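# Structural overview for review
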Amino acid sequence: MKLTRILAVLAALLALSTAEADDRATPVRIGLTPTFPHDQYRPLEKWRLYMERKLHRPVEFTRRDRYIETMDLLRLKKLDFAWICDYPYVHFRKQVKLLAVPVHNGRPYYQSYLIVPSSDKTTKSILDLKDKVFAYTDPYSNTGYLAPRFELQQAGEDPARYFHKTFFAWSHRRVLESVATGLADGGAISSHVWDTLSNGKPELTRAARVVTKSADYGFAPFVARVSVGDEDFRAMQKLLLEMPSDEEGRALLKELNLDGFIVGDTRLYERTERLIRAVGEK
Amino acid sequence: MKSLFNLSFRYKIPLWGSLLIITATLAVSTALIVQSYDDLRSDLVSSSASLGRTLAKTLFSAMIQEEVWQAFAIIRAPLHEQSDDKLVQPEMILALDQQQRVFVSSHPKSVPMLTDIRKLDDEFARLAELIVAKPGPDAPIIDFAGARRFYAAVPVAEEGARLGTLVIVYSKEVFLPRFRAGAWRGAGIGLLVLAVLLPINWYWGQRTAAPLIALARSTGDVARGELLAPPPGTYPYDDELGRLFDSYGVMVKSLHEKTLLEEEMIRSERLAAIGRLSAGIAHEINNPLGGMLVALANFKRRHEDDERAGKTVAILERGLTQIRDTVSAMLVDAKIKGRDFAPHDLEDVRLLLAGEAHQEAVEIDVECALTESVALPATLVRQILLNLLLNAVHASPASAKVICTVHVAEGQLRIQTTNAGNAIAADLMNHLFEPFVSGNEEGHGLGLWVTYQIVTQLGGQIAAESRDGLTQFRVALPLGESHA
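### Side note on the overall build of chain A
- The secondary structure content of chain A amounts to 12 helices and 13 strands.
- The C-alpha extent of chain A, read off along each of the three principal axes, is 85 × 40 × 30 Å.
- Every one of the 282 residues in chain A was classed for burial, and the buried ones make up 52%.
- Of the contacts made within chain A by residues no fewer than 6 positions apart, 80% connect residues no fewer than 24 positions apart.
- Carbon together with sulfur atoms contributes 52% to the accessible area of chain A, which is approximately 13200 Å² in total.
- On chain A, the mean spot of the 43 positive side-chain charges and the mean spot of the 37 negative ones are 2 Å from each other.

What follows is the structure, encoded as structure tokens:
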């Protein structure tokens, strides 16, 4: 009896220690989406190493082109955190909780830019692109899909029939490339991606022209899986919020073309929500 | 054209050789150029085939899922590759749907999506017809006559089900510089070969032509009567040409000998004719002359006291005597019988000439190999010796030596006189033994004529040679029967 008790205590201790050890060794899995130029390896690898140092845990980045895939991975608990678009955040609000909102140009907002090739000097709004080829980013993108469709709808057009052909390029950057190369006559991309690329790849943005800018939408947020533990959530949130406070973090933010992160509020995304309801995609 | 064939071998051989070399080099260069074109084409075929197959396979899933961007990325990838110059970079790549409309193109600005390629231009319209007519599984290069581009059309299909067509477009303008580079290489090799072979050919042609030209020139000379063979060693080899040179030399030599013989015969016949003529005339003159001299002698005797008549008769007598002397000098009679020629006759002749020789300050050196008399009339042989030696003494410069040898060999008495002094002129040589031909102002020119007549009547031969400042007369007289 005594022996069993001792054994039980030992077993419990062992379990505790392994659990602790497990926690230390289990990587933090972060999903990255094309809401920002997620396919640049070097700066993101620096960010990942920075996170590992701050969290004292391995960090894994999982890059997926399609928002829905990242959302699925979150749902399947293959990811702990993800940087997604405001549309899937609002759409799948029950599966995720807001972790942090990036701040760009001092504000936690971004816009949808309607772009055309720079050779096109005449287009003044999306209404000049009837029966043209249009590049969307992703069906779960706000700035790259929802916003231009909302605009058409407001103008009384049927977005499904308005263009001659549409296609998904599966990233803001590729929408820009499509328009810059002339593959598409027009496209919609996030203002943040446009700004970032106009610094990093000015030859791309020079080949395109911004026609109109949409209203402000809450910036594409960092979210956590609903089931992520409070400790992990806080650690991650702290990391993001404190990035501007050290040299390396500031350098990383500069490469991401962000000022920093704020805790954010769901009210930031009310306009997105209204948009989703208006377009009727919810 | 004929004038080309009339050219000298000096030019004709190198020209023909050059023509052959140039033709051969052109053929080889053309072959190289064609080869380079074929290489390029097979490069193009193999690269387009492998590129086409790879792209078509990956394009299939993009097209079936209508992934425009993915398809775009796939067909643009090969165009952004830095191509090494082994492969020809495509100008444009198109993915066509089943209706030959552009699903996506690598150059959307010039060929936007959904364009019907039949409306692009004639070349694309013909390409579309071909694609519809023959959807082959391979990627042959399609090359229309006069087209600006090559095309490779690969079906985008799976298990025979065709979703569309991948068209790889190659600009001929890109193709041409590479072809030109190959062509230049071929031409360069050709030029190099020409630069080496043409001078060699020219040298060889000149070498081959030189003996032929020498032979032709010599033949021309022979035809003009200058019987001179090309100098030995003109062509020192023992091939056909060498043998031709040898035979030619022999031929020219025999021609020369024949000509000499003919000339000799003509001369002999002429001399014989002159001899007969002069003998006849001499006889005709001699007969009345004898009568005239006898009549004059009688007249003189009868009119001894008539001084004036005596003077006239003396003039007549001197004139007639001179005529008789001249005529008798021409009237050589070998039939004179007498004693045989003996060694002391030679001594007599030397003594007879001593005065003359002294006057001319010439020494006469007589070498006599005779020990006894020979069966020849002494008078005539003495006359021969006298005439020849007298001529020799007169022709000799002062304090020179005249050599005379006399000996018997092969049944002949051989007399040879040699003197220094001016050579006998060539034209004089031909008429040397004719009467009244003389090398100097003195003398009537009958000495050699008489000598010749005597030698000929004795059945012998006389020859003269004048060379290198020496003049030589050779007499050969067949020995007859002794008269002693």
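Still to come is the rest of the account.
### Describing the overall build of chain B
- The secondary structure content of chain B amounts to 11 helices and 12 strands.
- In terms of C-alpha radius of gyration, chain B reaches 55 Å, well past the compact-globule figure of 23 Å for 484 residues.
- Projecting the C-alpha coordinates of chain B onto the three principal axes gives extents of approximately 170 × 50 × 40 Å.
- When each of the 484 residues of chain B is scored for burial, the buried share is 38%.
- The long-range fraction of contacts in chain B, counting pairs at least 24 apart against all pairs at least 6 apart in sequence, stands at 65%.
- For chain B, the computed accessible surface area is about 27900 Å², with 59% contributed by carbon and sulfur atoms.
- A distance of 7 Å separates the average location of the 46 positive side-chain charges in chain B from that of its 57 negative side-chain charges.

### Some words on the packing of helix α6 (residues 240–302) of chain B against helix α7 (residues 307–330) of chain B
Residue and element names in this part refer to chain B.
- Where α6 contacts α7, the axes come no closer than 9 Å and their chain directions differ by 155°. When the axes of α6 and α7 are compared, the pair comes out roughly antiparallel. In terms of crossing hand, the pair formed by α6 and α7 is left-handed. Of α7, the residues touching α6 (which contributes S278, A282, I285, N286, L289, M292, L293, L296, F299 and K300) are A309, V313, L316, E317, L320, T321, I323, R324, V327 and M330.
- Here the contact of α6 with α7 is composed, by residue class, of 14 nonpolar, 3 polar and 3 charged.

### As for the side chain of T123(A)
All names here are of chain A.
- Relative to the helices and strands, T123 is located in the loop between β6 (112–117) and β7 (133–136).
- Since its relative accessible area comes to 4%, T123 is described here as buried.
- Here the side chain of T123 touches D120 through a polar contact of 2.5 Å, side chain to side chain.
- Those residues in contact with T123 that lie beyond four places of it in its chain are V116, D128, L129, R209 and V211.

### A closer look at the environment of S46(B)
All names here are of chain B.
- Here S46 lies in helix α2 (residues 9–64).
- Residue class for S46 comes out partly exposed when judged on its relative accessible area of 42%.
- Separated by 299 residues in the primary sequence, S46 and D345 place their C-alpha atoms 117 Å from one another.
- One polar contact links the side chain of S46 to the main-chain carbonyl oxygen of D43, over a distance of 3.1 Å.

### Quick look at a negative patch on the surface
All names here are of chain B.
- Residues E304, D305, D306 and E307 make up a contiguous surface patch of negative charge.
- Mapped onto the elements, E304 comes out in the loop between α6 and α7.
- Since its relative accessible area comes to 64%, E304 is described here as exposed.

### Topic: the side chain of T205(A)
Residues and elements named next belong to chain A.
- Within the fold, T205 resides in helix α9 (residues 202–206).
- Looking at T205, its side chain comes within polar contact range of the main-chain oxygen of P202, at 3.2 Å.
- The contacts of T205, once residues within four sequence positions are left out, are L176, W194, L197 and S198.

### Focus on a nonpolar patch on the surface
Residues and elements named next belong to chain B.
- Taken together, the side chains of M1, L4, F5, L7, Y11, L15, W16, L19 and W202 define a hydrophobic patch exposed on the protein surface, amounting to about 880 Å² of accessible area.
- For the nonpolar patch, the secondary structure elements donating two or more residues are α1 (2–5) and α2.
- Top contributing element to the nonpolar patch by residue count: α2, with 4 residues.
- Structurally, M1 is set in the segment before α1.

### Points about the state of the cysteines
- All chains considered together, the criterion is met by 0 disulfides over all chains.
- There is no disulfide at C368(B), and the cysteine sulfur nearest it, in C404(B), is 8.5 Å away.

### Examining helix α2 (residues 41–55) of chain A
Residues and elements named next belong to chain A.
- Taking 1.5 Å per residue, 15 residues should reach 21 Å; α2 reaches 21 Å between its end C-alpha atoms and fits that length.
- When we look at burial in α2, the residues that qualify are P43, L44, E45, W47, R48, Y50, M51 and L55.
- A positive phi of about 55° marks H56, the residue just after α2.

### Some details on the interface of chain A and chain B
- The partner chain B presents 11 residues to the 15 residues of chain A that form the contact.
- Between chain A and chain B, a total of about 1200 Å² is buried, with carbon and sulfur atoms accounting for 68% of that surface.
- The three residues of chain A that bury the most area against chain B are K165(A), T181(A) and L183(A), which together make up 47% of that side's buried surface.
- Across the contact surface, chain A and chain B share 2 salt bridges.
- Along the contact surface separating chain A from chain B lie 4 residue pairs in polar contact (both at pLDDT 80 or more).
- Among the secondary structure elements, those contributing two or more residues to the side of chain A that touches chain B are β8 (165–168) and α7 (172–181) of chain A.

### Things to note about the confidence of the model for chain A
- A residue-level look at chain A finds 91% of positions with pLDDT of 70 or above and a mean pLDDT of 89.
- Considering only residues more than four positions removed or in separate chains, one finds that residues 16–21 of chain A, a stretch of pLDDT under 50, has 0 contacts.

### What to know about the domain arrangement of chain B
- The assigned domain composition of chain B is domain 1 (2–181), domain 2 (240–329) and domain 3 (334–478).
- A straight line from the C-alpha centre of domain 1 of chain B to that of domain 2 of chain B covers 109 Å.

### Thoughts on the packing of α2(A) against helix α11 (residues 247–256) of chain A
Residue and element names in this part refer to chain A.
- α11 packs onto α2 with a crossing angle of 145° between their chain directions and a minimal axis gap of 10 Å. Considering only the axes of α2 and α11, their crossing is left-handed. Contacts from P43, L44, K46, W47, Y50 and R53 in α2 reach E248, G249, L252, E255 and L256 in α11.
- In terms of residue class, the contact of α2 with α11 is built from 6 nonpolar, 1 polar and 4 charged.

### A few points about the pattern of salt bridges
All names here are of chain B.
- In the structure shown here, the tally under the stated rule is 38 salt bridges over all chains.
- Taking the shortest distance from any N to any O, the salt bridge between E410 and R414 comes out at 3.3 Å.
- We classify E410 as exposed; its relative accessible area is 72%.
- In this structure, a network of salt bridges that share partners links the residues D121, E123, R148 and R149.

Conventions adopted
- Residues numbered from 1 in each chain as written.
- Chains lettered and ligands numbered in written order.
- Predicted model: local features only at pLDDT ≥ 70, side-chain atom pairs only at ≥ 80, totals over all residues.
- Heavy atoms only, no water.
- Helix = DSSP H or I, 4+ residues; strand = E, 2+ residues; numbered from the N terminus.
- Buried < 20%, exposed > 50% of the residue type's maximum accessible area, 1.4 Å probe, protein only.
- Contact = heavy atoms within 4.5 Å.
- Areas by Shrake-Rupley, 256 points an atom, 1.4 Å probe, with all protein chains shown as cover.
- Lys, Arg positive; Asp, Glu negative; His and termini not counted.
- Charge placed at Lys NZ, Arg CZ, Asp CG, Glu CD.
- Rg over C-alpha atoms; globule rule 2.2 N^0.38 Å.
- Axes fitted to C-alpha atoms, helices over the stretch in contact; angles between N-to-C directions.
- Parallel < 35°, antiparallel > 145°, perpendicular 65-115°, else oblique.
- Left-handed = near helix turned anticlockwise from the far one by under 90°.
- Nonpolar A, V, L, I, M, F, W, Y, C, P; charged D, E, K, R; others polar.
- Polar contact = N/O pair within 3.5 Å; in protein donor to acceptor, adjacent residues only side chain to side chain.
- Patch = residues over 30% accessible without salt bridge, like charges linked within 9 Å, V, L, I, M, F, W, Y side chains within 5 Å.
- Salt bridge = Lys/Arg side-chain N within 4 Å of Asp/Glu carboxyl O.
- Disulfide = S-S within 2.5 Å.
- Expected span 1.5 Å × (residues − 1).
- Buried area = accessible area lost by both parts, 1.4 Å probe.
- pLDDT = per-residue confidence, 0-100.
- Domains from an automatic or database assignment.

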